Amino acid sequence: MLPVTLTLNAGSSSLKFSLFDISGEPAQMAIGLVENIGGQPRLKANLGDRLARVERELPATEAADHTSALATVLALLRSSFPGAKASVVGHRVVHGGPHYTAPMVVTGQVMAELKRLSPFAPIHQPHNIAGIEAAQAAFPEALQVACFDTAFHRHHPKANDVFALPREYYDKGIRRYGFHGLSYEYVSEELKRTAPLIHAGRVVVAHLGNGASMCGILGGRSVASTMGFTALDGLPMGTRCGQVDPGVIFYMVQQEGRSIDEVRDIFYTKSGLLGLSGISNDMRVLESAGVPEANEAIDYFVFRIRRELGGLAAALGGLDALVFCGGIGENSRKIRRRICDGLDWIGLELDHDRNDSNTRVISTDFSRARIMVVPTNEEIVIARAAKRLSSGTEAAAG
């Protein structure tokens, strides 16, 4: 039997999955997702060079919830890779709280703590937990490994970790956690492998997608992030508001009579690019719309990124590289150009031809700081951690 690791990333209505051969360095065999779980589900998968790409609508019963969606995924993988056996399953978990600073084997105690943290990430954490529970039911003998989006940021200096609230709230876990840590970890490790001098320096990574944030990394360690206590803070996102005056919440509750649940729904699902444009949360749609509302949403998105870039460069004491990743960062030449043009004062000089060609380095040869595009790969980070912990567990058992 071929030893494999299955990685799962469970969202509110989606389940992303990857299959890795872990007989050596993890090698991706398949990747895909089930979207619109609980509605009109759809399966998309790339099963490697040997097999055809799969894209089809699913009967509602085959993805009514995360458990049935996982069963559908497993049926596909078993028929496509009959010689594979998953002895370890790796999970992306958005929130690890103040104490989980590295991937963990999921025990009863760990699961209880993840459930306790659900109020810290109410839109994400319950679905991450549902993915773990579905995998436990499908693979009762397999090792389950949780990899946390917050872990990469848990070494921030205290000044970048606190809010100016009464001290007891810090002890209760009200802190600046930062998110997208698996993406930042991958990019940092890629820089260490391919550009060690840049990795050792002052780097800002911009993870720009439907979820968006930026991270200041010094010598491979996160020192500041645009996101804070929840995945709402910082940059505007597809449907999330990003930075907002907390007084807006008081106004909505006291003057408009909205419930906390209504406010939360507005901030998480009706704001960001969707709210500003009134058109879409998809940057591709907004770039092609050609109407003032879409342009204004893009203007705000770019403005906030440029503003946060200046703040992160100050936190780092300078800038040696700006790295783009995520769906928008990796693919939108227009957004990268609008962010970088006019930033020669901070040492960034964009080469428009390189940017249009989507090369890895898109700065000019004379730019004091490097501008790069590094496609992220959160799944390989999870697979490596799962293999590492699986090997450690087997060694301990032996």
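Residues numbered from 1 in each chain as written. Predicted model: local features only at pLDDT ≥ 70, side-chain atom pairs only at ≥ 80, totals over all residues. Heavy atoms only, no water.

A word on the overall build of the protein chain
Scanning the protein chain from N- to C-terminus turns up 15 helices and 13 strands. Taking 2.2 N^0.38 as the reference for a compact globule, 398 residues should give roughly 21 Å; the C-alpha atoms of the protein chain span a radius of gyration of 21 Å, in line with that estimate. Along the longest, intermediate and shortest principal axes, the C-alpha atoms of the protein chain span 55 × 55 × 45 Å. Counting over 398 residues, the protein chain shows a buried share of 51%. Taking all contacts inside the protein chain whose residues are at least 6 apart in sequence as the whole, residues at least 24 apart take part in 61%. Surface exposure of the protein chain reaches about 17900 Å², of which carbon and sulfur atoms provide 52%. One way to put it: in the protein chain the 41 positive side-chain charges average out to a point 3 Å from where the 42 negative ones average out. (Helix = DSSP H or I, 4+ residues; strand = E, 2+ residues; numbered from the N terminus. Rg over C-alpha atoms; globule rule 2.2 N^0.38 Å. Buried < 20%, exposed > 50% of the residue type's maximum accessible area, 1.4 Å probe, protein only. Contact = heavy atoms within 4.5 Å. Areas by Shrake-Rupley, 256 points an atom, 1.4 Å probe, with all protein chains shown as cover. Lys, Arg positive; Asp, Glu negative; His and termini not counted. Charge placed at Lys NZ, Arg CZ, Asp CG, Glu CD.)

Side note on the packing of aromatic side chains
When we look at a pair of aromatic rings, we describe it by the centre distance and by the angle of the planes. Overall, the coordinates contain four aromatic pairs when judged by the stated rule. A ring pair is formed by Phe120 and Tyr177, whose centres lie 6.2 Å apart and whose planes are at 40°; its orientation type is tilted. Placement of Phe120 in the loop between α2 (108-116) and α3 (125-138) and of Tyr177 in the loop between α4 (167-171) and α5 (181-194) is noted, with a sequence separation of 57 residues between them. The same class applies to Phe120 as to Tyr177, namely buried. Both rings, one in Phe120 and one in Phe229, keep their centres 5.0 Å apart while their planes meet at 55°; by these two values the pair is tilted. Remark: Phe229 occurs in the loop between β11 (221-225) and α7 (247-254) and Phe120 occurs in the loop between α2 and α3; sequence separation between them is 109 residues. (Phe/Tyr/Trp six-rings, centres within 6.5 Å; stacked < 30°, edge-to-face > 60°.)

Brief notes about the side chain of Glu308
Here Glu308 is to be found in helix α11 (residues 292-316). Engagement of the side chain of Glu308 in a polar contact is seen with the side chain of Arg304, the distance being 2.9 Å. Setting aside its immediate chain neighbours within four residues, Glu308 contacts Met214, Thr226, Gly234 and Leu235. (Polar contact = N/O pair within 3.5 Å; in protein donor to acceptor, adjacent residues only side chain to side chain.)

Quick notes on the layout of surface pockets
Counted as a void, the second largest pocket has a volume near 790 Å³. Ranked by the residues each element gives to the lining of the second largest pocket, the list is headed by helix α8 (residues 260-269), at five residues. Of the residues in the lining of the second largest pocket, the class split is 14 nonpolar, four polar and two charged. (1 Å grid on protein atoms, 1.4 Å probe; cavity = no way out; pocket = protein on both sides within 12 Å on 5 of 7 lines; lining within 4 Å. Points joined across faces, edges and corners; volume = space filled by probe spheres on them. Nonpolar A, V, L, I, M, F, W, Y, C, P; charged D, E, K, R; others polar.)

Considering the nonpolar core
Core analysis: the biggest nonpolar cluster contains 45 residues, and Leu208, Phe301, Phe324 and Leu348 have the highest contact counts within it. When residues of this core are traced back to their parent elements, those giving at least two are β9 (202-208), β10 (212-218), β11, α10 (283-289), α11, β12 (321-325), α13 (333-340) and β13 (370-373). Top contributing element to this core by residue count: α11, with ten residues. Apart from residues no more than four positions distant in its own chain, Leu348 is found in contact with Leu309, Leu319, Leu322, Cys340, Leu343, Ser367, Ala369, Arg370 and Ile371. Counting 30 residues, the second-largest nonpolar core is a separate cluster that includes Leu8, Leu15, Ala63 and Val89. (Core = buried A, V, L, I, M, F, W, Y, C linked by side-chain atoms within 4.5 Å.)

Points about the pairing of strand β8 (residues 143-148)
Within β8, six of the six residues are buried, which leaves it mostly tucked inside the rest of the structure. Burial along β8 is two-sided: the residues Leu143, Val145 and Cys147 and Gln144, Ala146 and Phe148 are all buried. Bridge count between strand β6 (residues 84-93) and β8: six bridges; the pairing is parallel. Bridging across to β8, Arg92 finds its partner in Cys147. In this sheet, β8 lies alongside strand β7 (residues 104-105) in antiparallel orientation, the contact comprising two bridges. (Pairing = 2+ DSSP bridges.)

Comments concerning the sheet that holds β7
With respect to topology, eight strands assemble into an open sheet ordered β5-β4-β3-β2-β1-β6-β8-β7, the strand pairing being mixed. Because the sheet does not close on itself, it has two edges, and the strands there are β5 (54-57) and β7. Pairing geometry for strand β2 (residues 14-21) and strand β3 (residues 27-35), over eight bridges, is antiparallel. Bridge pairing in β3 links Leu15 to Val34.

A short note on α2
The set of residues buried in α2 consists of Val110, Met111, Glu113 and Leu114. One face of α2 carries all of its buried residues, which in axial projection span an arc of 160°. Opposite the buried face of α2, at more than 90 degrees from it, the exposed residues are Gly108 and Gln109. Against the buried residues of α2 lie β6, β7, α3 and β8. (Arc of directions from axis to C-beta.)

Notes on the pattern of salt bridges
Any two side chains of opposite charge can pair, on the condition that their charged atoms come close. Evaluated as defined, the whole model comprises 20 salt bridges. Between Arg202 and Asp320 there is a salt bridge whose closest N-O contact spans 3.0 Å. With Arg202 in strand β9 and Asp320 in the loop between α11 and β12, this pair connects stretches of sequence that are 118 residues apart. In this structure Arg202 comes out as partly exposed when scored by relative accessible area, which is 26%. In this structure, a network of salt bridges that share partners links the residues Arg42, Glu55 and Glu57. (Salt bridge = Lys/Arg side-chain N within 4 Å of Asp/Glu carboxyl O.)

Note that all results are geometric; they support no functional claim without further evidence.
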